[in-house]
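If you want the building blocks of each chain, they are given just below.
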Amino acid sequence: MNKPQAGSMTRSPREFRARRVLLVVLAFLLVAASCAGGDAGTSPFVVGGAGPGEELSEPADDGPTGGVTGSDGGVTSSDRITLDTGPATAYAEVNGERFVYEAVSSLNYTCEISPDAVRVNFQTPDGQDLSVQAGLDDIGWSGQFTFRSRGEFNTQYSVSLGRGPGTLGVVDGALSFEGVADRIENFDVLDAEEVSARVAVDCGESGEGADPMAVVDGETFTFPLSGSQSVDCAVSSADIGIMIDRLGRDGLQLSIDMSGGPDDWIGSVFVITPDGDYIVSLSGEAEGFVIDGNTVTYAGPIGTDRGGEVETNVAVTCP
């Protein structure tokens, strides 16, 4: 921290409040800029949030960064997490109220956390959104968290890592934050209220950590949940509803739609790849189709859009 110059004075509470308001205004202007030209699928608040078919932008620089103590510093960083959650999920707590975010039923889901970069986006049709974009350099962490509860379109919570106070823990695939957020109502950033906040994110896959995959005619295709335009993944003994849509990113889509089990199945397994489309209709005992907990597999012939059949092996483990 720089030493005060001769003749300088400690900031008064009024001066500190004015500086804080200015930083909040600047953050809001970034929000407004990110929303220009957006559509109904894009949150009107979320900095760096992605609309349908869009990818997250690079982490924004919000000034002085983490690992600095004192009233003018950012968050304190740590190489361990103090909060945890389930795989492919996140939560934010504000004043004892918890908002839960899940990859399943999310739009434009992205979850990439390394020790020096974070890109997270849980976006839902009903507005329960969470966005984190942050980066670490030799000074510390910079970036921002923004999150909202379901249906609360006029209320957003914002965490600027460059301002603090708080503690950010980051490990491969997961993060935790405990500190202060700004509660912004009705777009009024000048009257933002400071509240206590806790955030946990886990990008891990369920089961053994393997991405959903399909081996079609000897060629393997993977369908990571992170980076998908939409994710649905529901498994029960009687019904299966799986859709992993990556068409806008890499031309891949995997769908398993089955009902009537376990003895009288009706449904299909459908795979779209850049090389072609493949589908098999299953009924009755659905030979080759197996459910084991949250894992669904199919091994057997599948029809091609060019005519004829090839062998396939499909495996999906839902979070």
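Everything quoted here is computed from the prediction, not taken from an experiment.

*Asks:* Sorry, what's going on with the overall build of the chain here?
*Replies:* Across its full length, the chain carries 2 helices and 21 strands. Residue burial in the chain is summarised as follows: out of 319 residues, 45% are buried. Residue pairs at least 24 apart in sequence account for 52% of intrachain contacts in the chain once pairs closer than 6 positions are excluded.

*Asks:* Would you take a moment to explain empty space enclosed by the protein for this structure?
*Replies:* To find the voids left in a structure, one rolls a probe of water-molecule size over its atoms. Under the definition given, this model contains 3 cavities of 30 Å³ or more. As a volume, the largest cavity reaches approximately 50 Å³. Lining of the largest cavity is provided by Val75, Ser158, Val159, Ser160, Arg163, Gly164, Pro165, Phe177, Val180, Ala181 and Asp182. Of all the secondary structure elements, the ones that give two or more residues to the lining of the largest cavity are strand E8 (155-160) and strand E10 (174-185).

*Asks:* For this particular structure, what's the right way to read a negative patch on the surface?
*Replies:* Negative charge collects at one region of the surface, where Asp217, Glu219, Asp275, Glu309 and Glu311 lie side by side. As for its position among the elements, Glu309 is in strand E21 (residues 309-317).

*Asks:* How should I be thinking about the packing of aromatic side chains in this particular structure?
*Replies:* The geometry of an aromatic ring pair is captured by two quantities: the separation of the ring centres and the angle between the planes. Considering all chains together, one arrives at 7 aromatic pairs under this definition. When the centroid spacing of 5.2 Å and the interplanar angle of 15 degrees are considered together, the rings of Phe147 and Tyr157 count as stacked. Separated by 10 residues along the polypeptide, Phe147 in strand E7 (residues 141-147) and Tyr157 in strand E8 bring together distant segments of the chain. Residue class for Tyr157 comes out buried when judged on its relative accessible area of 7%. Centre to centre, the rings of Trp265 and Phe289 are 5.3 Å apart; their planes meet at 75 degrees, and the pair counts as edge-to-face. In this pair, Trp265 sits in strand E17 (residues 265-273) while Phe289 sits in strand E19 (residues 289-292), placing the two residues 24 residues apart along the sequence.

*Asks:* What should I look at first to understand the pattern of salt bridges in this one?
*Replies:* Pairing between side chains of opposite charge can happen when the charged atoms of each approach one another. Summed over the entire model, instances satisfying the criterion amount to 10 salt bridges. Where Arg119 meets Glu112, a salt bridge forms, and the shortest distance between an N and an O atom there is 3.3 Å. Residue classification places Arg119 among the buried positions, given a relative accessible area of 15%. Exposure remark for Glu112: the relative accessible area of 34% places this residue in the partly exposed category. One salt bridge connects Asp182 with Arg163, and the closest N-O pair in it is separated by 2.3 Å.

Reading the values: the criteria
Residues numbered from 1 in each chain as written. Predicted model: local features only at pLDDT ≥ 70, side-chain atom pairs only at ≥ 80, totals over all residues. Heavy atoms only, no water. Helix = DSSP H or I, 4+ residues; strand = E, 2+ residues; numbered from the N terminus. Buried < 20%, exposed > 50% of the residue type's maximum accessible area, 1.4 Å probe, protein only. Contact = heavy atoms within 4.5 Å. 1 Å grid on protein atoms, 1.4 Å probe; cavity = no way out; pocket = protein on both sides within 12 Å on 5 of 7 lines; lining within 4 Å. Points joined across faces, edges and corners; volume = space filled by probe spheres on them. Patch = residues over 30% accessible without salt bridge, like charges linked within 9 Å, V, L, I, M, F, W, Y side chains within 5 Å. Areas by Shrake-Rupley, 256 points an atom, 1.4 Å probe, with all protein chains shown as cover. Salt bridge = Lys/Arg side-chain N within 4 Å of Asp/Glu carboxyl O. Lys, Arg positive; Asp, Glu negative; His and termini not counted. Charge placed at Lys NZ, Arg CZ, Asp CG, Glu CD. Phe/Tyr/Trp six-rings, centres within 6.5 Å; stacked < 30°, edge-to-face > 60°.

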